[in-house]
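# Summary of structural features
Listed below are the residues making up each chain.
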Amino acid sequence: MSDQAFVRSEIIEEQTPPLTAFGLVGWLKSNLFSNWFNAILTFISLYFIWYVLSGVLPWIFLSVWNAGSLSECREIATATWGDSHGHACWAVIKDRWIQLLFGFYPSELYWRPILAFVLLLISLAPVLYTSVPKKIFYLTAVYPFILPWLMWGGSVWAYVSALLGFVLGYAIVRYTSEIVGQLGAVILSVIGAIVWWLYIGPLLLSQGVGAILPLALEPVISRDFGGFMLALLIGVVAIGCSLPIGIVLALGRQSDLLILKTISVWFIEFIRGVPLITLLFVASTLLNIFMPPGTNFDIILRVMIMVTLFASAYMAEVIRGGLAALPRGQFEGADSLGLNYWQSQRLIIMPQALKISIPGIVSTFIGVFKDTTLVSIIGLMDPLGLSQGIRANAEWNGIYWELFAFIAFLFFIVCFSMSRYSMYLERKLQTDNR
Amino acid sequence: MATLTDPDKESFKLSMLLYDTRYRSMTIQVIALIGFVSIVFWLISNTITNLNNLGKPVEFGFLFESSSYDINQRLVEYNSRDSHLRASFVGVLNTLVVAFLGCITATIIGVFVGVARLSKNWLVARIMTVYVEAFRNVPVLLWIVLAMAILIEGLPAPKAFRGENATASLEVFDSVALTNRGVYVPEPLFSNGIGDVALFGQSSLRFSVSLDLILIVAVLIASFSVSGWIKRRANRIQDSTGDRPTTWHLRLGVTILPVALVLWMLGFHLGYPELKGFNFKGGTHLRNSLIALWLALSLYTAAFIAEIVRGGILAISRGQTEAAASLGLRPNRIMNLVVLPQALRVIIPPLISNYLNLTKNSSLAIAVGYMDVTGTLGGITLNQTGRELECILLLMLVYLTISLSISGVMNWYNNSVKLVER
């Protein structure tokens, strides 16, 4: 052992890493200046950011909030900063934000869309977060009937009657499937519900109870609907209805039943092959021609139907992707347990297929919500349509950026939160150990 | 003697239609078919009754009447005395033009942004994230209208280019004029051109193709095939002898010289835009509506393409890169030979479906007044003739044809690159 010159007898103390490897300097070095090319990129990016922000920030913050018209805005800007360019005129938003949100909805009835919106959030809560009490699901179930009543007003009994039709159908399935089998029960319940909606319900509730106890809200006509409220309304209805219809279509496309499969494939391919705007043209000009002579049903309802059909076809393809991604063993395993078709779909297949397709489903939702702006082309007063109206006004003639920025901001908030929520959901539902 | 016999053939009972799985699917299908057919029949009979009441039976004769409206941005000659069919044809071409241009620029921007989002440079990655989120979460219609507003409000009027102390000047070596009436770019001209060839005679689908262009394209194709042959010959020599002959100067010469010769013989020169009177003359005039639509659609679709490209590259597991590196491949060859071929398999299908979306979104041209097929057939023709049913049917047919062709290409490609598994 003596030929060894040096043997350390104690452990040396831990040293701090070199200055360039940790903390702020280390971060800068590894993320911004790792080599000469990265350094150049960093400087170009910094210059770009400075260039954009130096134009945008003064425009946003050195702005005019109190003015009655665009020319007044410009006068104030000239008086304050010496020039009228490069300063936003937020006065137009301050003047018209209520209109951009509600359209021409009667101002004394604003509480109704607001209440509908709050109830929407509450009834969505148990769907979105598992920690919320499950009792709220009852509200979620009746919400589809509360929403139109609050928005359009009129007698409550028509909506109660529609709701009771569904309750009746469910009750028939529940209590007769023991006797006539599942298929028979479904057929019976559909017939029962239709008879209720067409004959018994209106007679009993609308004319009977409605005459004794007229619970009605002041009706609002569809022409007064507008603004971001309209975009949300169409978006929510299309999103809410497209998921179940999309699931049915996807199952139809995957099924062994030839006729159902053909109908589903043709429907999906047709809808996906044409732009939404042509479907909206159908809604605005043709849908009344397809209906029995003399029918003239509401334009917003027609648009909702077409947007829903459009969204359903896309949803069906997304869910079909999820179904196709499931290993065959899952289907076979469900069969070997002796589950019937609907049981295996409900308990085994759909939970997994829907989980896989969450990103696609949410991006379809976002797409549908953004596409609601297209209704301005057929003359509905969504935010973009209203912005044209505001610009046509003599006081605000020539104002572009402030309105566009405000509308873009509204859409961005909703769409961005949807995409963030889907990321959260994906993480929460992730069950594989990676 | 038969100990094993089939169970007694049960006689068919009506209740088996509901309870027996063998017959139940037939029941369901028949009910569905009856329901579907009766709904369709109901819709059609309603339509016939309604159209009879309105006094306009379904007929397509209106397509051959004079359209009497003008289309300012067009590829083929057209005037307001031409038929509605001709106008629709011009519209279809305009749709294809903006879709084609949009797909190219969207791909370029999208690939760039998608790769840049994966950059190790934190700042670059953040900027690209902001771009992607901003464009993906705001409606495309808003971007189109915004782009139009920027062009009209932000660019100088033609009169700003005039006089001694002009406030605006031409861009790119005095050849491109950006004005609020549109963009003027130089046009290719041929002083000894060999003319055009007119196709389809006098019909509504007539158009003419420049023979000069055909000649140039033919020469280009020929040069590229010769260049490819030189490359294959070099490969053969390398395979047999181990030495690769230097070919780059030959291939460059074969590609460039013939085209340059043809261009010189045809007398190729550029026609520059010039200010005459109140407006620019000469050059190719791209209207604001086209530019705005092109710009907005490209930037919007590029954000989606960027995400697809990023996802495609991330989908290739690190093991692939590491294995390639352990084989001794250099980084650029790893990219070309290992990562890209696999990433493309993931990228191409959603990429093509985004091309499809772009094409369908180009129907929003109607918001800025670009006369695509929605603007002509589904817009002015519909309003002038009042033939909603026929116009919208034809319009849907056009888009269906385009979409089905694109998805046909997609399926063909998918099948050709599909992993062949045992």
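Keep in mind the model is a prediction, meaning the values are calculated, not measured. (Residues numbered from 1 in each chain as written. Chains lettered and ligands numbered in written order. Predicted model: local features only at pLDDT ≥ 70, side-chain atom pairs only at ≥ 80, totals over all residues. Heavy atoms only, no water.)

This next bit is on the state of the cysteines. Residues and elements named next belong to chain A. Applying the stated criterion to the full structure yields 1 disulfide over all chains. A sulfur-sulfur separation of 1.8 Å characterises the disulfide bridge that pairs Cys-73 with Cys-89. Given an S-S torsion of about 80°, the disulfide between Cys-73 and Cys-89 has right-handed geometry. Linking Cys-73 in helix H3 (residues 70-81) with Cys-89 in the loop between H3 and helix H4 (91-102), this pair joins segments that are 16 residues apart in sequence. Cys-89 shares its class with Cys-73; the two are buried. (Disulfide = S-S within 2.5 Å. Helix = DSSP H or I, 4+ residues; strand = E, 2+ residues; numbered from the N terminus. Buried < 20%, exposed > 50% of the residue type's maximum accessible area, 1.4 Å probe, protein only.)

Since the α-helix advances by 3.6 residues per turn, residues separated by three or four positions end up pointing in the same direction. Residues and elements named next belong to chain A. Remark: the principal bend of helix H13 (residues 341-356), roughly 50°, maps to Ile-349, with a proline, Pro-351, within the next four residues. The complete set of buried residues in H13 reads Ser-344, Gln-345, Ile-348, Ile-349, Met-350 and Ala-353. At its buried positions, H13 is contacted by helix H8 (227-254), helix H11 (299-325) and helix H12 (328-336). Regarding H13, its N-cap is Asn-340, as a side-chain oxygen of that residue lies 3.2 Å from the backbone nitrogen of Trp-342 further along. (Bend = angle between axes of the 7 residues up to and from the residue. Contact = heavy atoms within 4.5 Å. Polar contact = N/O pair within 3.5 Å; in protein donor to acceptor, adjacent residues only side chain to side chain.)

Turning next to the domain arrangement of chain B. Residue and element names in this part refer to chain B. For chain B, the domain assignment lists domain 1 (59-164 + 282-422) and domain 2 (187-271). Centre-to-centre, using C-alpha coordinates, domain 1 lies 28 Å away from domain 2. Contacts between domain 1 and domain 2 engage 10 residues on the former and 6 residues on the latter. Here domain 1 meets domain 2 over a buried area of about 680 Å², counting both sides, of which 47% is carbon and sulfur. Among the residues domain 1 hides against domain 2, the three largest losses belong to Arg-86, Phe-89 and Gly-283. Together they make up 54% of the total. The interface formed by domain 1 and domain 2 holds 0 residue pairs in polar contact (both at pLDDT 80 or more) in total. A total of 3 residues in the side of domain 1 that touches domain 2 trace back to one element, the largest contributor, which is helix H3 (residues 84-117). Here the residues of the side of domain 1 that touches domain 2 sort into 3 nonpolar, 4 polar and 3 charged. (Domains from an automatic or database assignment. Buried area = accessible area lost by both parts, 1.4 Å probe. Nonpolar A, V, L, I, M, F, W, Y, C, P; charged D, E, K, R; others polar.)

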